[in-house]
Amino acid sequence: MTVRPQPGRPAASRSSRPVMLGQNQYGKAENRVVKITREGATHHIKDLNVSVALSGDMEEVHYSGSNANVLPTDTTKNTVFAFAKEHGIESAEQFGIHLARHFVTSQEPIHQARIRIEEYAWERIPASDANSQFIGADEVKHSFVRQGQETRLTQITYDGERWEVVSGLKDLVVMNSTNSEFWGYVKDKYTTLPEAYDRILATRVAARWRFNWTDDEQRMPQWETSYKQVRKHMLEAFAETYSLSLQQTLYQMGARIINHRAEIDEVRFSLPNKHHFLVDLEPFGLKNDNEVYFAADRPYGLIEATVLRDGCEPRIPEDLTNL
């Protein structure tokens, strides 16, 4: 028979010396919250990773298991999302101040709150001068690219006679906060996904492109200029495509590169769909009007395809974009 310690009394110790509880804290770590502020057609993004740690009068929960002074960590998570709606996110510092003040002043047992925030910066994707196929370039005020994330890549193959140059990039994180839909798909008895007519579209681009320069007799491409231009056209296509599927966006990105860069014959993409789900704020008496999202990293849809110049054969290995 198991004898449980009485509430308010520490369990018996095998040591002759008393056992004391030292520093302790608890909370919800790494709450990913994305806040979209909409000023007409112009959107602003705040993308935060918020960790909450609370400490105070918490001896009894350790000694006897009494939760009388414990604010659930799930509640701290909900508070982060609700405060993103109620207070907005003017800055990471101000958002953290709101949260810390709330936890300490609203809960008597909590004597200290530590809020750690990582902010992921985004910058706007500049649109092309000419109107795109789907929306005018002057209308694009909702497309962003994460700052300082991408890695530039190249692979050179030479057999003494012929060259093969495959360049690319990885970890280029992009987002459209609107002008993306997903509906009309196949449904069976396991389908629970609701159709979306206005959603966030975000992905981490891994791309490789193959140059048609193969021998020394040809004019060599200007590599630096080529990379900058390919990246520019890729981002413009992402921003200016009104997307009904990530596959459609992928094709437009590849087609824009092929149509504008004569030195490239083949482009292959691997695009994981970085899902953003609307947070249900109704339990807190709040309406979520496409403003507060939960950013999920797993599981994710993975869209992969190759876009080719007409008459060319694919040569980029299918798994190269996943290395």
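Structural notes, computed from the coordinates. Note that this is a predicted model, so its numbers are computed, not measured.

### Here we look at the side chain of N288
Then, in step 1: In this fold, N288 is placed in the loop between strand 10 (276-278) and strand 11 (292-295).
Then, in step 2: Here V279 takes part through its backbone oxygen, which lies 2.8 Å from a polar atom of the side chain of N288.
Then, in step 3: A distance of 3.1 Å separates a polar side-chain atom of N288 from the backbone nitrogen of E291.

### Regarding the pairing of strand 7 (residues 163-176)
Then, in step 1: Among the 14 residues in strand 7, ten count as buried, and that is most of the element.
Then, in step 2: Pairing between strand 5 (residues 143-146) and strand 7: three bridges, direction antiparallel. By the bridge assignment for strand 7, F144 is matched with M175.
Then, in step 3: With eight bridges connecting them, strand 6 (residues 151-158) and strand 7 associate as antiparallel partners. Paired with T151 across the bridge in strand 7 is K170.

### Describing the sheet that holds strand 10
Then, in step 1: Taken together, five strands build an open sheet; the order of strands is 3-2-1-11-10 and the sheet is antiparallel. Both outer strands of the open sheet, strand 3 (110-119) and strand 10, are each paired with one neighbouring strand and no more. With strand direction ignored, the average angle separating the axes of adjacent strands in the sheet is 35 degrees.
Then, in step 2: Bridging between strand 1 (residues 31-39) and strand 2 (residues 42-56) involves nine bridges; their strand directions are antiparallel. The residue of strand 2 that forms the bridge with I36 is I45.
Then, in step 3: Its contacts with the sheet put helix 2 (residues 73-86) on strand 1, strand 2 and strand 11, and the angle it makes with strand 1 is roughly 10 degrees.

### Focus: the layout of surface pockets
Then, in step 1: By volume, the largest pocket amounts to about 670 Å³.
Then, in step 2: Elements that contribute at least two residues to the lining of the largest pocket include exactly strand 1, strand 2, strand 7, strand 8 (201-211), strand 9 (264-273) and strand 11.
Then, in step 3: Class assignment for the residues of the lining of the largest pocket results in 15 nonpolar, nine polar and ten charged.
Then, in step 4: Roughly 550 Å³ of internal volume is contained in the second largest pocket.
Then, in step 5: Elements with a contribution of two residues or more to the lining of the second largest pocket: helix 5 (246-260), strand 10 and strand 12 (301-308).

Rules behind the numbers
Residues numbered from 1 in each chain as written. Predicted model: local features only at pLDDT ≥ 70, side-chain atom pairs only at ≥ 80, totals over all residues. Heavy atoms only, no water. Helix = DSSP H or I, 4+ residues; strand = E, 2+ residues; numbered from the N terminus. Polar contact = N/O pair within 3.5 Å; in protein donor to acceptor, adjacent residues only side chain to side chain. Buried < 20%, exposed > 50% of the residue type's maximum accessible area, 1.4 Å probe, protein only. Pairing = 2+ DSSP bridges. Axes fitted to C-alpha atoms, helices over the stretch in contact; angles between N-to-C directions. Contact = heavy atoms within 4.5 Å. 1 Å grid on protein atoms, 1.4 Å probe; cavity = no way out; pocket = protein on both sides within 12 Å on 5 of 7 lines; lining within 4 Å. Points joined across faces, edges and corners; volume = space filled by probe spheres on them. Nonpolar A, V, L, I, M, F, W, Y, C, P; charged D, E, K, R; others polar.

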